[in-house]
Amino acid sequence: MTKRLELIASLIDEFDKVIDIGTDHAYLPIMLHQKNIKCLGTDIHQNALDSAYHNLLEYHLEKDIPLVLADGLKNLDVSNYNTLVIAGMGYNTIKHILEDKTKLKTINKIIVQSNNDYDKLRFFLNELDYTLKEEYIIKDKNHLYHIMKYLKGKEVLTKEEILFGKFNKDYLNYYEEYLLKLKKILKNIPNNHQEERKKIEEEISLLTKYLTNFSN
Ligand SMILES: C[S@@+](CC[C@H](N)C(=O)[O-])C[C@H]1O[C@@H](n2cnc3c(N)ncnc32)[C@H](O)[C@@H]1O
């Protein structure tokens, strides 16, 4: 099991009732079962569920962990669950899964790990009236992952918080490296690509401002 999934599992509480959307290999439901936490695994692809079932058989958990074929929350009865995990997917897929707000009535916790577009994701979840409680940036097998824990509730985020997450000095190195990367990107954008340059320049300026928090 990976460091990334272990961190996700650590954000789930004892009494949470969890749906792992896009469970694939079902590693997360298996990890949660070891902590006595109930988890339903779903996936849009039958071959993913076949591999999940194969793993459940190996752990003798085929009777304890239900698996359902579904596109996101469509045709799923969510009413007995309070927590969603959506991990290892791109932003557009995550947005598609969460788009139907009527399905989220009982969901007070969402753990999300997108492969891209963290700023769009923070904006989207903010609009859905979830509060960003914790965000972790971890390295696992040479990949950086952002893992976010949301609880139900409105909050107002600044533009910097949407772009970079909530200020956390543990991630100073990551943001310093990100700033250098943006500066390199800017150097390589030709002067006549004004729009593109402006977008990166604005991001550099906001990130520089954000980083001043670290030195205060
Ligand atoms: C890369 S795997 C991630 C597996 C696991 N969640 C993890 O983080 O290790 C992504 C999984 O999401 C599933 N998936 C993609 N779109 C989905 C959707 N709309 N509803 C449910 N599952 C979906 C894919 O079939 C695939 O098994």
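Residues numbered from 1 in each chain as written. Predicted model: local features only at pLDDT ≥ 70, side-chain atom pairs only at ≥ 80, totals over all residues. Heavy atoms only, no water.

## A word on the overall build of the protein
Of the regular secondary structure elements, the protein holds 8 helices and 7 strands. For the protein, with 216 residues in total, the buried portion stands at 46%. Long-range contacts, defined as pairs at least 24 residues apart, comprise 67% of the intrachain contacts of the protein with a sequence gap of at least 6. Element-wise, carbon and sulfur atoms account for 50% of the exposed surface of the protein, whose accessible area totals about 12200 Å². The distance from the centre of the 31 positive side-chain charges to the centre of the 33 negative ones in the protein is 4 Å. (Helix = DSSP H or I, 4+ residues; strand = E, 2+ residues; numbered from the N terminus. Buried < 20%, exposed > 50% of the residue type's maximum accessible area, 1.4 Å probe, protein only. Contact = heavy atoms within 4.5 Å. Areas by Shrake-Rupley, 256 points an atom, 1.4 Å probe, with all protein chains shown as cover. Lys, Arg positive; Asp, Glu negative; His and termini not counted. Charge placed at Lys NZ, Arg CZ, Asp CG, Glu CD.)

## Concerning the sheet that holds strand β1 (residues 18-21)
Two orientations exist for strands paired in a sheet by backbone hydrogen bonds: parallel and antiparallel. One open sheet accounts for 7 strands, arranged β3-β2-β1-β4-β5-β7-β6; its pairing is mixed. Because the sheet does not close on itself, it has two edges, and the strands there are β3 (67-69) and β6 (130-140). Taking the axes of each pair of neighbouring strands and ignoring which way they run, one obtains an average angle of 20 degrees across the sheet. Note: β1 against strand β4 (residues 83-89), 4 bridges, orientation parallel. Looking across to β4, one finds that isoleucine 21 is bridged to isoleucine 86. Packed on one face of the sheet, helix α4 (residues 91-98) meets β1, β4 and β5 (109-114) and runs near 155 degrees to β4. (Pairing = 2+ DSSP bridges. Axes fitted to C-alpha atoms, helices over the stretch in contact; angles between N-to-C directions.)

## Let's talk about unusual backbone geometry
At histidine 60, a position not held by glycine, the phi torsion is positive, near 55 degrees. Topologically, histidine 60 is positioned in the loop between α3 (46-58) and β3. With a phi angle near 45 degrees, lysine 141 is a residue other than glycine that sits in the positive phi range. Tracing the sequence through the fold places lysine 141 in the loop between β6 and β7 (143-152).

## Structural notes on the environment of aspartate 13
Residue placement: aspartate 13 occurs in the loop between α1 (3-10) and β1. On a C-alpha basis, the gap between aspartate 13 and threonine 208 in space is 36 Å, while along the polypeptide they are 195 residues apart. With sequence-adjacent residues up to four places away left out, aspartate 13 is seen in contact with Ile37 and Lys109. One polar contact links aspartate 13 to lysine 109, side chain to side chain, over a distance of 2.9 Å. (Polar contact = N/O pair within 3.5 Å; in protein donor to acceptor, adjacent residues only side chain to side chain.)

## So, the site of the ligand
Inspection of the region around the ligand gives 18 residues, with Arg4, Gly22, Asp43, Asp71 and Gly72 positioned closest. Taking aspartate 43, its side chain carries an N or O atom lying 2.6 Å from an oxygen atom of the ligand. Relative to its unbound accessible surface of 600 Å², the ligand loses 82% to contact with the protein. Sorting the residues of the shell around the ligand by element identifies β4 and α4 as the ones contributing at least two each. Of the residues belonging to the shell around the ligand, the class tally is 7 nonpolar, 7 polar and 4 charged. (Near = heavy atom within 4 Å. Nonpolar A, V, L, I, M, F, W, Y, C, P; charged D, E, K, R; others polar.)

## Some thoughts on the nonpolar core
Grouped together as the largest cluster of nonpolar side chains are 28 residues, with contacts concentrated most on Leu84, Leu98, Ile110, Val112 and Leu125. Secondary-structure elements contributing two or more residues to this core are β1, β4, α4, β5, α5 (118-127), β6 and β7. When neighbours within four sequence positions are excluded, valine 112 is seen to be in contact with Ile86, Ile94, Leu121, Leu125, His146, Ile147, Met148 and Tyr150. One finds Ile8, Leu28, Val85 and Ala87 within the second-largest nonpolar core, a separate group that totals 18 residues. (Core = buried A, V, L, I, M, F, W, Y, C linked by side-chain atoms within 4.5 Å.)

## Examining the domain arrangement of the protein
You can read the domains of the protein as domain 1 (3-156) and domain 2 (171-215). If you average the C-alpha positions of domain 1 and of domain 2, the two centres end up 31 Å apart. (Domains from an automatic or database assignment.)

## As for the packing of aromatic side chains
Aromatic rings considered in pairs are described by the distance between their centres and by the relative angle of their planes. A complete count under the given rule lists 7 aromatic pairs for this structure. Taking the centre distance of 6.5 Å and the plane angle of 80 degrees together, the rings of phenylalanine 167 and tyrosine 210 count as edge-to-face. Note that phenylalanine 167 is positioned in the loop between α6 (159-164) and α7 (172-187) and tyrosine 210 in helix α8 (residues 194-215), a separation of 43 residues in sequence. Plain terms: the ring middles of tyrosine 174 and tyrosine 178 are 6.1 Å apart, the flat faces sit at 5 degrees to each other, and that makes the pair stacked. With a gap of 4 residues between them, tyrosine 174 and tyrosine 178 both fall in helix α7, about one helical turn apart. Given the relative accessible area of 18%, tyrosine 174 is considered buried. (Phe/Tyr/Trp six-rings, centres within 6.5 Å; stacked < 30°, edge-to-face > 60°.)

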